[in-house]
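One-letter residues, chain by chain:
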Amino acid sequence: MVTISWIVTLLLVCPLALISAQVDGDGLLGATDDSQAMQTYLTTSKLRRLAVEFFDFYQNITVEDLARDSRAASLQDLQCLADLKVLGQDLLSAKYWALKMTDSWGSLPSGILTGNLIDLGNFDECLAIDHVVSVNHSVQGKYCFTRYPLATSVSPLLALKTAVCFPASCSASNMDMVLRKLLENLLNIELEADVQLVKESSCKIAEKESLDSLTIFTIVILSLLAALVLLATLGDYFQRDQKNLNPVIKAFSARANCRTLFRIVDTKSNPNVIECLHGIRCLSFIWVVYGHDYLVYAYAPNLNYTAVHRVSYALFSCNQWYIILLFCYQWLKSAFSSLLQHSAYSVDTFFFLSGLLLVVIALRTMEKTKGKINIPLMYLHRYLRLTPILAIGILVYMKILPRMGDGPLYGKVNFDDYTKCQTTWFWTLLYVQNYATDNICLGHSWYLAVDMQLYIFAPLILIALYKWGWRGCAGLVVIMLLLASCLFSIMVIKDISLLRPNDEAMKKIYFATHTRASPYIIGILFGYFLHVNRGRQFKLPPLAVILGWVVSSALLLTCIFGVYHDQRNLARTPILEEAFYLTFTRIAWPLGLCWVVFACMQGYGYVANSFLSSPLWQPLSRISYSAYIFHMFVESLNAGITRTNTNFTNYEVMLRFWSDFGFTVLLAILAYILVEAPFGNLESLLLPTNKPKRKDAPSPAPSLEKKTPIEEARPTSA
């Protein structure tokens with residue numbers, strides 16, 4: 001006799017039997033009788049396809065099967081009943097449309113013993129059904145998932161899911177009723193009353209919702225921008241005298257902006273340019289996209305995992321709270337996994353670059369203006385540079401992405417729930433979403449909020465450095481240590497872990513500006529060092545160069561592999577050790593980068609400098625902000641249109657990454673030409689720059705190529 005406990009044993013324990021002995025006593029797996037579990041598997045495997053079982057069981061379906069109270073049956077219940085009877089009759093006659101409806105159903109997943117708990121059926125076959133019954137009515141397909149939990153005490157996401165196809169007139173409640181009776185009869189079990197097998201949110205029909213006003217507004221805005229760019233490009237193309245080209249036309253011209261985008265600049269002719277930063281920025285962005293691809297891929301219908309819980313917060317942190325993976329244990333044993341689990345250090349790289357570029361460029365300008373700085377203009381310039389592309393991004397994610405594709409899991413494998421934007425978009429445009437709300441509109445926009453909030457203090461820091469020099473640096477060091485101790489205290493006192501994260505940990509440790517300030521401050525300090533030593537050539541002995549690279553490599557590698565031993569053994573890192581680890585690595589990572597930048601600038605970078613300073617990085621570096629905003633659009637789209645099960649391996653994710661990255665670059669170029677470059681050019685035309693003018697110099701026409709400290713130091717990715 002099959003019981004629910006043995007189903008749990010079969011589907012949960014058997015796939016993980018090989019590694020159960022290696023999980024500690026507090027783990028998910030307990031002692032089981034393998035012979036009984038295998039007998040349960042043999043019994044379950046004798047079941048026929050679910051669609052066949054369903055229509056055999058309900059040969060004479062009645063309204064009592066569809067509604068809890070047949071006396072209160074609605075017109076919708078009656079219509080569902082009529083359509084099911086038509087379907088049953090046409091099945092007996094082997095009508096093609098009826099066979100398609102049953103053929104599109106999923107089955108009990110194959111590969112249960114390797115952790116496959118989902119069968120997607122045939123999504124398109126179901127939705128393509130449109131059988132005309134009368135002039136006023138037709139039976140259309142409605143694709144849904146039936147889902148019943150296996151062990152809620154282990155994880156609410158641990159459940160068996162299979163696709164079903166019903167007439168569109170049937171509600172999720174109707175499906176829940178008939179499937180509940182079917183499963184209870186087939187498996188001789190009694191499902192709890194609060195277990196909902198089919199939810200309306202899992203269902204899809206062929207008919208699409210009509211365009212709402214905000215969607216129409218988004219389409220109109222994008223169309224107007226495209227029209228302006230097209231007209232400006234034509235005007236630019238047919239203008240013979242480029243010197244007299246109207247600045248506004250040039251601002252929107254795709255021809256002019258593409259020249260700027262793809263222009264390769266000889267940075268060696270300008271001693272103030274730090275060549276290697278383009279490579280560091282681009283590699284860090286690639287790291288971001290690659291890490292996010294692993295997060296998205298974890299939500300895919302993988303054949304080789306059992307359950308995923310809170311993976312969006314912890315990239316494959318295998319323990320009893322978050323992820324149970326058959327493949328996970330072996331994956332964690334590889335050193336490669338640490339590169340993905342700790343890809344968040346790419347964020348610290350961008351904070352470091354922001355602080356570095358801010359000081360290097362701004363102090364140079366302040367020296368020319370004798371310490372004068374226009375603080376309101378700095379803030380306005382920063383806001384106008386970042387906000388247009390972010391605002392368009394919010395509209396596109398919220399209204400365009402849902403209409404770009406469809407599939408069994410479309411909208412379910414996103415990095416975020418973008419419907420949250422309807423109520424929290426304004427916090428994002430104010431750059432306070434990391435503190436103001438728990439429902440961030442675009443999850444990856446938290447970095448922009450932190451960077452903007454740090455930038456608010458930038459004028460005070462610049463003034464302190466300009467007036468007090470190294471004494472101002474000493475004050476910054478004290479502030480950094482105080483903020484680092486704040487991070488340490490929060491983790492230890494409140495027992496908040498980032499290796500076993502929850503919503504509180506993300507909000508108080510990961511998203512919080514005061515816990516993210518260390519790399520930014522170190523970037524500022526290093527930028528000041530470069531500023532006061534600009535033009536100076538440091539002659540270092542070979543031993544010092546070797547020592548510098550050894551120390552830098554040790555710092556960077558320790559950040560990535562510092563807790564590898566615990567992760568490999570699925571052990572919980574004590575909170576005190578984790579607090580020391582996280583606090584010091586947020587300082588160690590930017591310190592390691594300081595040497596990389598310094599060595600490349602001083603001629604000690606060798607192969608690293610040749611790679612990082614390659615001019616080929618320049619175009620990608622220019623579109624990195626647009627690429628960052630829209631890379632999750634591409635990843636969510638490609639993941640959502642999946643029709644079949646996938647297999648989680650490093651190689652499979654890498655294949656997905658290269659396709660996602662390629663389309664992200666193409667979409668970023670389009671966004672740069674339509675939004676970022678035109679608005680940036682207009683802002684440069686309308687707002688004064690910080691460059692001092694010589695009294696004897698003529699007043700030139702506004703140049704679109706001017707760069708201010710704010711533009712150079714703008715955030716790119718996180």
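Residues numbered from 1 in each chain as written. Predicted model: local features only at pLDDT ≥ 70, side-chain atom pairs only at ≥ 80, totals over all residues. Heavy atoms only, no water.

Remarks on the overall build of the chain
Move 1: Each helix and strand in the chain was counted, giving 31 helices and 7 strands.
Move 2: Of all 718 residues assigned to the chain, the portion counted as buried reaches 55%.
Move 3: Within the chain, residue pairs in contact and separated by at least 24 positions form 76% of the contacts whose partners lie at least 6 positions apart.
Move 4: When the accessible surface of the chain is totalled, it reaches about 32600 Å², and 62% of it is carbon and sulfur. (Helix = DSSP H or I, 4+ residues; strand = E, 2+ residues; numbered from the N terminus. Buried < 20%, exposed > 50% of the residue type's maximum accessible area, 1.4 Å probe, protein only. Contact = heavy atoms within 4.5 Å. Areas by Shrake-Rupley, 256 points an atom, 1.4 Å probe, with all protein chains shown as cover.)

A look at the pairing of strand β4 (residues 159–167)
Move 1: A large share of β4 lies buried, amounting to 8 of its 9 residues.
Move 2: Here strand β1 (residues 118–119) pairs with β4 via 2 bridges, running parallel. Residue pairing in the sheet places I118 in a bridge with K161 of β4.
Move 3: Relative to β4, strand β3 (residues 138–149) is paired through 9 bridges, and the arrangement is antiparallel. Looking at β4, one finds that R147 is bridged to K161. (Pairing = 2+ DSSP bridges.)

What to know about the side chain of N257
Move 1: Along the polypeptide, N257 turns up in helix α11 (residues 254–262).
Move 2: There is a polar contact of 3.2 Å between the side chain of N257 and the backbone oxygen of A251.
Move 3: Among all residues touching N257, those that are not within four sequence positions of it are K250, A251, F252, Y672, I673, A677, P678 and N681. (Polar contact = N/O pair within 3.5 Å; in protein donor to acceptor, adjacent residues only side chain to side chain.)

What to know about the nonpolar core
Move 1: If you look at the biggest cluster of nonpolar residues, it comprises 190 residues, and the most contacted ones within it are W105, F166 and L179.
Move 2: Residues in contact with L179, not counting those within four places in the same chain, are F54, W105, T146, V164, F166, L197 and V198. (Core = buried A, V, L, I, M, F, W, Y, C linked by side-chain atoms within 4.5 Å.)

Observations regarding the pattern of salt bridges
Move 1: One pass over the full model with this rule turns up 15 salt bridges.
Move 2: With a shortest N-O distance of 2.6 Å, K399 and D212 are connected by a salt bridge. Of this pair, K399 sits in helix α16 (residues 375–400) while D212 sits in the loop between β5 (204–205) and α9 (213–238), and the two are 187 residues apart along the sequence.
Move 3: The partly exposed category is assigned to D212, whose relative accessible area is 30%.
Move 4: Among the ionic contacts, a cluster of salt bridges with common partners joins K204, K208 and D406. (Salt bridge = Lys/Arg side-chain N within 4 Å of Asp/Glu carboxyl O.)

Some points on the pairing of β3
Move 1: Here strand β2 (residues 130–132) pairs with β3 via 3 bridges, running antiparallel. The residue bridging H131 from the neighbouring strand is V139, located in β3.
Move 2: The antiparallel pairing of β2 with β3 creates a hairpin that spans 5 residues between the two strands.
Move 3: The sheet contact formed by β3 and β5 spans 2 bridges and is antiparallel. Each bridged residue has a counterpart across the sheet, and for Y143 the counterpart in β5 is K204.

Some thoughts on helix α23 (residues 517–532)
Move 1: Across its 16 residues, α23 extends 23 Å between first and last C-alpha, which sits within 8% of the 22 Å expected from 1.5 Å per residue.
Move 2: Judged by how many residues are buried, α23 sits mostly within the fold: 14 of 16 residues are covered. (Expected span 1.5 Å × (residues − 1).)

Thoughts on the state of the cysteines
Move 1: The full count for this structure, using the stated rule, is 4 disulfides.
Move 2: With a sulfur-sulfur separation of 2.1 Å, C126 is cross-linked through a disulfide to C165. Around the S-S axis, the bridge from C126 to C165 shows a dihedral of about 85 degrees and counts as right-handed. With C126 in helix α7 (residues 123–127) and C165 in strand β4, this residue pair connects regions lying 39 residues apart in the sequence. Pair check on accessibility: C126 and C165 agree, each one buried. (Disulfide = S-S within 2.5 Å.)

With respect to the packing of aromatic side chains
Move 1: Under the definition given, this model contains 47 aromatic pairs.
Move 2: Taken together, a centroid distance of 5.7 Å and an interplanar angle of 85 degrees make the contact between Y383 and Y431 edge-to-face. Note that Y383 is positioned in helix α16 and Y431 in the loop between α17 (421–429) and α18 (433–436), a separation of 48 residues in sequence.
Move 3: For Y383, a relative accessible area of 31% corresponds to the partly exposed category.
Move 4: Aromatic side chains F529 and F598 sit 6.2 Å apart centroid to centroid with 55 degrees between the ring planes, which places their arrangement in the tilted category. Here F529 is found in helix α23, whereas its partner F598 is found in helix α26 (residues 575–602), with 69 residues between them in sequence.
Move 5: Accessibility expressed as a relative area gives 26% for F529, which makes it partly exposed.
Move 6: The exposure class assigned to F598 is buried, which follows from its relative accessible area of 10%.
Move 7: Here the aromatic cluster, defined as three or more aromatic residues joined through ring pairs, consists of F285, Y290, Y294, Y297, F336, F648, F657, W658 and F661.
Move 8: Cation over ring: K161 sits above F145, and NZ or CZ is 4.9 Å from the ring centre. (Phe/Tyr/Trp six-rings, centres within 6.5 Å; stacked < 30°, edge-to-face > 60°. Lys NZ or Arg CZ within 6 Å of the ring centre and 35° of its normal.)

Side note on the environment of P519
Move 1: Relative to the helices and strands, P519 resides in helix α23.
Move 2: Between the C-alpha atoms of P519 and L356, which are 163 residues apart in sequence, the distance is 9.7 Å.
Move 3: Setting aside chain neighbours within four positions, we find P519 in contact with D348, F351, F352, R586 and P590.

Notes on helix α20 (residues 458–468)
Turn by turn, an α-helix covers 3.6 residues, leaving residues three or four places apart pointing in a common direction.
Move 1: Within the sequence span of α20, burial applies to A458, P459, I461, L462, A464 and L465.
Move 2: Elements that come into contact with the buried residues of α20 comprise α15 (345–368), α16, α19 (446–456), α21 (470–494) and α23.
Move 3: Just past α20, the residue G469 takes up positive phi, approximately 60 degrees.

Observations regarding the confidence of the model for the chain
Move 1: For the chain, mean pLDDT is 83; residues scoring 70 or higher make up 83% of the total.
Move 2: Considering only residues more than four positions removed or in separate chains, one finds that residues 692–718, a stretch of pLDDT under 50, has 61 contacts. (pLDDT = per-residue confidence, 0-100.)

Focus on the packing of helix α12 (residues 276–298) against α26
Move 1: Look at α12 against α26: their axes get within 10 Å of each other, and the N-to-C directions meet at 140 degrees. What the angle tells us is that α12 and α26 run oblique. Residues C276, L277, I280 and W287 of α12 touch α26, and the partners they reach there are W589, V596, V597 and C600. (Axes fitted to C-alpha atoms, helices over the stretch in contact; angles between N-to-C directions. Parallel < 35°, antiparallel > 145°, perpendicular 65-115°, else oblique.)

Notes on unusual backbone geometry
Move 1: Even without being glycine, K370 reaches a positive phi, approximately 60 degrees.
Move 2: For K370, the position within the fold is in the loop between α15 and α16.
Move 3: Even without a glycine there, the phi angle at D495 is positive, about 55 degrees.

Points about a nonpolar patch on the surface
Move 1: On the surface, L211, I216, I219, V220 and L224 cluster together into a nonpolar patch covering about 410 Å² of accessible area.
Move 2: For I219, a relative accessible area of 36% corresponds to the partly exposed category. (Patch = residues over 30% accessible without salt bridge, like charges linked within 9 Å, V, L, I, M, F, W, Y side chains within 5 Å.)

So, the side chain of D236
Move 1: Note on placement: D236 falls in helix α9.
Move 2: Residue classification places D236 among the buried positions, given a relative accessible area of 0%.

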